[in-house]
Amino acid sequence: GMGTEETDRATWSKQLCSKYQKQRRRDSRIEQEPLSKSVLRTEILFLNRILDYAREKERQMTEDRLVDDDLEEPYRQFAPSPDEMMHLKLDSPVSKEPIRPGDVIAYSNPVYVFGDKRAKRTAKVLSVDPSRSPILVLSNGEFLPEDTKVCRIAIAINGQLEEH
């Protein structure tokens with residue numbers, strides 16, 4: 001518990017201080033410069049402050065890791081996993097096939113961070129007009145910026161949906 005940590009710290013600090021003082025005295029004799037006890041105490045206080053600061057930073061980092069581990073899905077701002085890539089078929093080469101009304105598309109809603117599972121959407125395309133903004137009018141009413149990658153998952157052929 002806390003008692004053990006404090007004891008370890010005190011013991012470690014005393015050992016470190018003793019070694020440090022001996023080394024500094026040896027150095028001062030070699031350099032033939034007198035070393036006062038107050039200078040040594042000041043240096044040791046400074047070293048302990050640095051040590052306390054490092055321990056506090058380490059404790060904060062450990063707490064942050066524990067908080068991150070509590071999340072169901074960690075926050076990510078980089079590419080999705082291979083499974084997510086397969087799901088959205090984003091790894092397939094870019095197709096030049098036009099999207100037509102009636103097609104069903106899959107896309108990642110740009111409101112979310114890339115890779116966030118909540119962003120996955122599918123919608124039926126109601127109309128397409130490259131000169132309009134938005135270019136696509138979707139069955140779910142969502143607005144897609146022009147640079148949003150979409151993947152056709154079903155194509156309308158003679159009024160029937162076929163998997164694409």
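Criteria and cut-off values
- Residues numbered from 1 in each chain as written.
- Predicted model: local features only at pLDDT ≥ 70, side-chain atom pairs only at ≥ 80, totals over all residues.
- Heavy atoms only, no water.
- Helix = DSSP H or I, 4+ residues; strand = E, 2+ residues; numbered from the N terminus.
- Pairing = 2+ DSSP bridges.
- Axes fitted to C-alpha atoms, helices over the stretch in contact; angles between N-to-C directions.
- Patch = residues over 30% accessible without salt bridge, like charges linked within 9 Å, V, L, I, M, F, W, Y side chains within 5 Å.
- Areas by Shrake-Rupley, 256 points an atom, 1.4 Å probe, with all protein chains shown as cover.
- Salt bridge = Lys/Arg side-chain N within 4 Å of Asp/Glu carboxyl O.

### Structural notes on unusual backbone geometry
Logical step 1: Note that the residue after Ser133, namely Pro134, is joined by a cis bond; omega there is 5 degrees.
Logical step 2: When you line up the elements, Pro134 lands in the loop between strand S2 (120–128) and strand S3 (136–138).

### Quick word on the sheet that holds strand S1 (residues 104–108)
Logical step 1: With respect to topology, 5 strands assemble into an open sheet ordered S3-S2-S1-S4-S5, the strand pairing being antiparallel. Edge positions in the open sheet fall to S3 and strand S5 (160–163), since each of these has one partner strand only. Across the sheet, the mean angle separating the axes of adjacent strands is 40 degrees when strand polarity is ignored.
Logical step 2: Taken together, the 5 bridges between S1 and S2 define a ladder with antiparallel strand orientation. Its bridge partner lying in S2, Tyr107 is registered against Arg121.

### Here's the deal with a nonpolar patch on the surface
Logical step 1: The grouping of Phe46, Leu47 and Ile50 at the surface amounts to a nonpolar patch, some 270 Å² of accessible area in total.
Logical step 2: Position of Ile50 relative to the elements: it lies in helix H2 (residues 37–70).

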